[in-house]
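Each chain is listed here by its residues.
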Amino acid sequence: MLSLSLREAINKLKDGSLSAAELCEKCVTRAKRLQELNYIVTDNFVQSQKEAVNSDRLWSEYVSGRHNEWRKFGGIPFAIKDNFCTKNIKTTCASNILNNYVPPYTATVVQRLQGEGGVIIGKTNMDEFAMGSGSTDSVFGPVRNPWNYKFSQPGGEGNGTNDWHIAGGSSGGSAVAVATGTCFGALGSDTGGSTRNPASYCGVVGFKATYGRLSRHGLIPLVNSLDVPGMLAKSVDDASILFNAIAGHDVRDSTTVTDPFQNFSLPDDISVKHLHIGIPKEYHAPGISPCVLEAWRRAADMFDDAGAKVTEVSLPHTQYSILCYSVLCCAEVASNMSRYDGIEYGHRAKVEDSTEELFAATRHEGFNDVVRGRILAGNFFLLRRNYDNFFIKAQKVRRLIAEDFRRVFEGGVDMLLTPTTLTEAPTHRWFTEADNRTRAEEQDVFTQPMNMAGVPAITVPASLSQSGLPIGLQFVGPNFHDQQVFTVAKWFEQQTNFKQLDLSHIDKS
Ligand code: GLN
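What counts and what doesn't
Residues numbered from 1 in each chain as written. Predicted model: local features only at pLDDT ≥ 70, side-chain atom pairs only at ≥ 80, totals over all residues. Heavy atoms only, no water. Near = heavy atom within 4 Å. Polar contact = N/O pair within 3.5 Å; in protein donor to acceptor, adjacent residues only side chain to side chain. Areas by Shrake-Rupley, 256 points an atom, 1.4 Å probe, with all protein chains shown as cover. Helix = DSSP H or I, 4+ residues; strand = E, 2+ residues; numbered from the N terminus. Expected span 1.5 Å × (residues − 1). Buried < 20%, exposed > 50% of the residue type's maximum accessible area, 1.4 Å probe, protein only. Contact = heavy atoms within 4.5 Å. Phe/Tyr/Trp six-rings, centres within 6.5 Å; stacked < 30°, edge-to-face > 60°.

> I'd like to hear about the site of the ligand, residue by residue, with values.
Taken together, 15 residues surround the ligand, and among them Gly192, Ser194, Tyr325, Arg374 and Asp444 come closest. Take Ala130: an N or O atom from its main chain is 2.9 Å from a nitrogen atom of the ligand. Note that a nitrogen atom of the ligand is positioned 2.7 Å from one of the side-chain N or O atoms of Ser194. Here the ligand has 290 Å² of accessible area as a free molecule, and 99% of this is covered by the chains.

Written as structure tokens, this is what we have:
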């Protein structure tokens, strides 16, 4: 039952061959069995099961004609990254400073899922305030990648507790929730790759929409000008179903576009014959693994064989993206984080000498080193004497990065094909040998420029590496061509025939 796609689950619930209560119970059991992966930080098991039972009741009333409201996601479990506010459910951003924060309202995109009957099975683990690329910098500890789950089992193949692989980040918990079949879709966030990176490492689909298509109301900000809610799903179709359910204008987020969103569903019969695919030459970056290169080359050949035009293109300012991001991110972080002062909500230090000292102690106890480091750097960039040289300059470079994409798309390219990550999921041991900043600089090279440009991007599992870990490839389209990105990605998915992780033995053991 847990290997069903979201679309299949919707259809089975609709025709009555599946009960929401049973489905939800199976998901809860799965989550309990896999606790060791550390992907759920606050569970909502009891409440979600109640809601699923209620969904079955509503469904029978609908069938017997007592009302005519059919809810698409009636009783289907979803997982939500712990930086989306959820009314009455703790929302911590995996940080000490919000360790007891229960929001009085729900993020718009979550509300839209719930409006269609979706239930929240749990809030997922992440890097603190989404600052990271590994889901290793969380107050709850790191998330483990389910593809080598056996490594951490007694008698497993691994030779020690550090040899397991990371899930990627910062939405690692959401990626694991989908990959393990614990839910039928999950929300993450994407500021520099945080949805696409863990999706690629965990063998699921991860979609970052065009900036402005999805509401950020209730998504606790990292970098407001780059943040986009992300969708993680078992298939491209499933991700597009989620996107259609949550997209569109929100009066509570002035950065959402006001033109009406046209719902769409993806065809099964797709042709890429007249498509022009661009391969950015700068993406042959140092450190890219042979497996990733091979998958990328094979994908380009597939399009070529199917009659598409495949050419090399140039995105010359890509190389400045990481540096530019580190200025813009820290600057926005410095101002965003000022709201955590221990007065209005969240953690408060037990210091009563002075207000200044209360602020300082609260923030020292509440934030990890990564967050504090970024606040310090950001305040430095924003000093009057540095503002033009750092902040303004970074804004200009950001414009150049965005112009690269515009130029390529206006020149006739329909879609870009790139790797999502340099390698398969690294081991925890290797990943934590360097600090958060160094790792983000390596990990985000292929994903961050799309946030700078606001363009839609999706990662699709392409193949398995030699050691049996998934590798994803990325498709990138022009602004507001989200539907086209989904369509091309679905065609690619149909060609690859990638097999989702099967953990059905877990429920029996
Ligand atoms: N790795 C980047 C960072 O640490 C991006 C994270 C994200 O997309 N939330 O900021």
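Having seen the model, we can carry on.
> Describe in detail helix 16 (residues 482–496), supporting the description with residues and values.
Look at helix 16: 21 Å from first C-alpha to last across 15 residues, which is about the 21 Å you get at 1.5 Å a residue. Of the positions making up helix 16, those classed as buried are Asp482, Val485, Phe486, Thr487, Val488, Ala489, Lys490, Trp491, Phe492 and Thr496. Along its buried surface, helix 16 packs onto strand 5 (205–208), helix 7 (236–246), helix 8 (290–305), strand 9 (415–419), strand 10 (457–464) and strand 11 (470–476). Taken from the residues just after helix 16, Asn497 is the one with a positive phi, measuring 60°.

> Account for unusual backbone geometry, naming residues and giving values.
Between Gly169 and the following residue, Ser170, the backbone shows a cis peptide bond with an omega angle of 10°. Topologically, Ser170 is positioned in the loop between strand 3 (119–124) and helix 5 (172–179). Positive phi, close to 65°, is recorded for Asn88, a residue that is not glycine. Relative to the elements of secondary structure, Asn88 occurs in the loop between strand 2 (77–81) and helix 4 (108–115).

> Can you tell me about the packing of aromatic side chains, naming the residues and giving the values?
Aromatic ring pairs are defined here through the distance separating the ring centres and the angle between the ring planes. Summed over all chains, the structure comprises 23 aromatic pairs. Judged by centre distance (6.2 Å) and plane angle (45°), the ring pair of Phe243 and Phe264 falls under tilted. Taken together, the residues span a long stretch of sequence, with Phe243 in helix 7 and Phe264 in the loop between helix 7 and strand 7 (276–280) at a distance of 21 residues. Summarising the burial analysis for this pair, Phe243 and Phe264 share the class buried.

> Hey, could you go over the environment of Gly188 for me, with residue numbers and the actual values?
Relative to the helices and strands, Gly188 resides in strand 4 (residues 186–190). Considered as a pair, Gly188 and Leu2 are 186 residues apart in the sequence and their alpha carbons are 20 Å apart. The contacts of Gly188, once residues within four sequence positions are left out, are Lys81, Phe84, Ser171, Thr195, Pro229, Gly230 and Leu232.

No statement about biological role is implied by the geometric values presented.
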